[in-house]
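Architecture and fold: a report
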Amino acid sequence: GAGVSQSPSNKVTEKGKDVELRCDPISGHTALYWYRQSLGQGLEFLIYFQGNSAPDKSGLPSDRFSAERTGGSVSTLTIQRTQQEDSAVYLCASSLVRTPRETQYFGPGTRLLVL
Amino acid sequence: AQSVTQLGSHVSVSEGALVLLRCNYSSSVPPYLFWYVQYPNQGLQLLLKYTSAATLVKGINGFEAEFKKSETSFHLTKPSAHMSDAAEYFCAVTGTASKLTFGTGTRLQVTL
């Protein structure tokens, strides 16, 4: 079956512009996660959704970052007024249910470069 | 809080040799432990996971890992390396929360 998909695969933007990153989870998966992978910080958790609600936003680096999920499916991560330190690969993952033992399935990521 | 430490950012082995990638964890609650592999320009793929059933866990592509509570370790092994195993490997932990906390990764190089 189809895995987690993300778009765009690559995004180049200028400092100060807003960007939107999209994630399509595996059909039927109720939990959705966003992570960021960067050279300096490694892999770090940003936010997760259970259904359309986001109980844990603790990983969002600043108030320039926001995310939403609609219809219990697609999620969008928005970065406003991008900065060069936002350059990273943004990974989305989904799992059937939100439990600590559940496998998270990852998408291929969106590579963001802020000039 | 949970954390993992991966010893060795780069490991090089000869084709056919034993692969050993080290992971030690810290957790205030019984942990769930995962090994993921990442090939260039791809996302993360689960190799195997420990969820408190058997301590010796077998995964895909001939990999296995053993949970040792006394040593707080979850090392990844494979008896015989293939060229196709060259990739970056991440150990990760969850506790009471579902978010994965990752180690810094180990890049495995396989030489002829």
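Residues numbered from 1 in each chain as written. Chains lettered and ligands numbered in written order. Predicted model: local features only at pLDDT ≥ 70, side-chain atom pairs only at ≥ 80, totals over all residues. Heavy atoms only, no water.

**With respect to the overall build of chain B**
Applied cut-off: Helix numbers and strand numbers start at the N terminus; a helix is a DSSP run of H or I with at least 4 residues, a strand a run of E with at least 2. Our radius of gyration is a C-alpha quantity, and the globule rule it is checked against amounts to 2.2 Å times the number of residues to the power 0.38. Accessible area is worked out with a 1.4 Å probe on protein chains only. A residue is then buried under 20% of its type maximum, exposed over 50%, and partly exposed in between.
Scanning chain B for helices and strands turns up 0 helices and 12 strands. Each helix and strand of chain B, ordered N terminal to C terminal, gives the series β-β-β-β-β-β-β-β-β-β-β-β. The globule rule puts the C-alpha radius of gyration for 112 residues at 13 Å, and the 13 Å found for chain B is close to it. C-alpha extents for chain B along the principal axes are approximately 40 × 30 × 20 Å. With 112 residues in all, chain B has 46% of them scored as buried.

**A look at a nonpolar patch on the surface**
Defined as follows: Think of a patch as exposed residues, more than 30% relative accessible area, with no salt bridge, where like charges cluster within 9 Å and nonpolar side chains (Val, Leu, Ile, Met, Phe, Trp, Tyr) cluster within 5 Å. Here, Shrake-Rupley sampling with a 1.4 Å probe gives the accessible areas, and only protein chains in the shown set may cover a residue. Between Lys or Arg on one side and Asp or Glu on the other, a salt bridge is scored when a side-chain nitrogen of the former is within 4 Å of a carboxyl oxygen of the latter.
A grouping of Val12, Leu113 and Leu115 of chain A is seen on the molecular surface, where their side chains present a nonpolar patch of about 290 Å² in accessible area. Its location among the elements puts leucine 115 of chain A in the segment after β11 (110-114).

**Here's the deal with the side chain of glutamate 88 of chain B**
All names here are of chain B. We count it as follows: Side-chain atoms alone can form a polar contact between residues adjacent in sequence; in general such a contact is a pair of N or O atoms within 3.5 Å, and within protein one must be able to donate a hydrogen while the other accepts it. When checking whether two residues touch, look at their non-hydrogen atoms; a contact exists if any pair is within 4.5 Å.
By the element assignment, glutamate 88 lies in strand β10 (residues 87-94). Within the structure, glutamate 88 has its side chain in polar contact with the side chain of arginine 107 (distance 2.9 Å). Excluding anything up to four places from it in sequence, glutamate 88 contacts Tyr36, Val37, Gln38, Thr104, Gly105, Thr106 and Arg107.

**Digging into the state of the cysteines**
Residues and elements named next belong to chain B. Heads up, the rule is: Cysteine sulfur atoms that come within 2.5 Å of each other are treated as a disulfide pair.
Applying the stated criterion to the full structure yields 2 disulfides over all chains. Linked covalently through their sulfurs, cysteine 23 and cysteine 91 form a disulfide whose S-S length is 2.0 Å. Disulfide cysteine 23 to cysteine 91: torsion about the S-S bond roughly -60 degrees, handedness left-handed. Of this pair, cysteine 23 sits in the loop between β3 (19-21) and β4 (24-27) while cysteine 91 sits in strand β10, placing them 68 residues apart in sequence.

**Let's talk about the interface of chain A and chain B**
Worth spelling out the cut-off: Summed over both partners, buried area is the accessible surface (1.4 Å probe) that two parts give up on being assembled.
Contact with chain A, which involves 19 residues of that partner, is made by 20 residues of chain B. Among the residues of chain A in contact with chain B, Leu43, Pro100 and Arg101 of chain A are the three that bury the most area, contributing 38% of the side total. Where chain A meets chain B, there are 1 salt bridge. Between lysine 99 of chain B and aspartate 56 of chain A there is a salt bridge, with the nearest N and O atoms lying 3.6 Å from each other.

**Digging into the pattern of salt bridges**
Opposite charge on two side chains permits them to pair, given that their charged atoms come into close proximity. All names here are of chain B. For the structure shown, the criterion picks out 7 salt bridges over all chains. Its salt-bridge partner being aspartate 85, residue lysine 78 comes within 2.9 Å of it at the nearest N-O pair. Assessed through its relative accessible area of 6%, lysine 78 is described here as buried. Owing to a relative accessible area of 3%, aspartate 85 belongs among the buried residues under this scheme.

**Quick look at the sheet that holds strand β1 (residues 5-7) of chain A**
Sheets are built from strands that pair by backbone hydrogen bonding, the pairs being arranged parallel or antiparallel. Residue and element names in this part refer to chain A. Which entries qualify depends on this criterion: Two strands make a pair as long as DSSP finds a minimum of two bridges between them. Fitted lines through C-alpha atoms give the axes, limited to the stretch in contact for helices. The angle between two N-to-C directions lies from 0 to 180 degrees.
Strand order in the open sheet formed by 4 strands is β1-β3-β8-β7, with antiparallel pairing between adjacent strands. With one partner strand each, in any of the chains shown, β1 and β7 (65-69) form the two edges of the open sheet. Taking each pair of neighbouring strands and ignoring which way they run, the sheet shows an average axis angle of 15 degrees. The sheet contact formed by β7 and strand β8 (residues 75-79) spans 5 bridges and is antiparallel. Bridging across to β8, phenylalanine 65 finds its partner in isoleucine 79.

**Some details on unusual backbone geometry**
Each neighbour pair has its own omega, and for serine 7 of chain A with proline 8 of chain A the value is -10 degrees, a cis peptide bond. In this structure, proline 8 of chain A sits in the loop between β1 and β2 (10-13). For serine 52 of chain B, which is not glycine, the phi torsion reads 75 degrees and is therefore positive. Checked against the element boundaries, serine 52 of chain B lands in the loop between β6 (44-50) and β7 (56-58). Positive phi, close to 60 degrees, is recorded for asparagine 61 of chain B, a residue that is not glycine. For asparagine 61 of chain B, the location among the structural elements is in the loop between β7 and β8 (64-68). The class of asparagine 61 of chain B is partly exposed, set by a relative accessible area of 42%.

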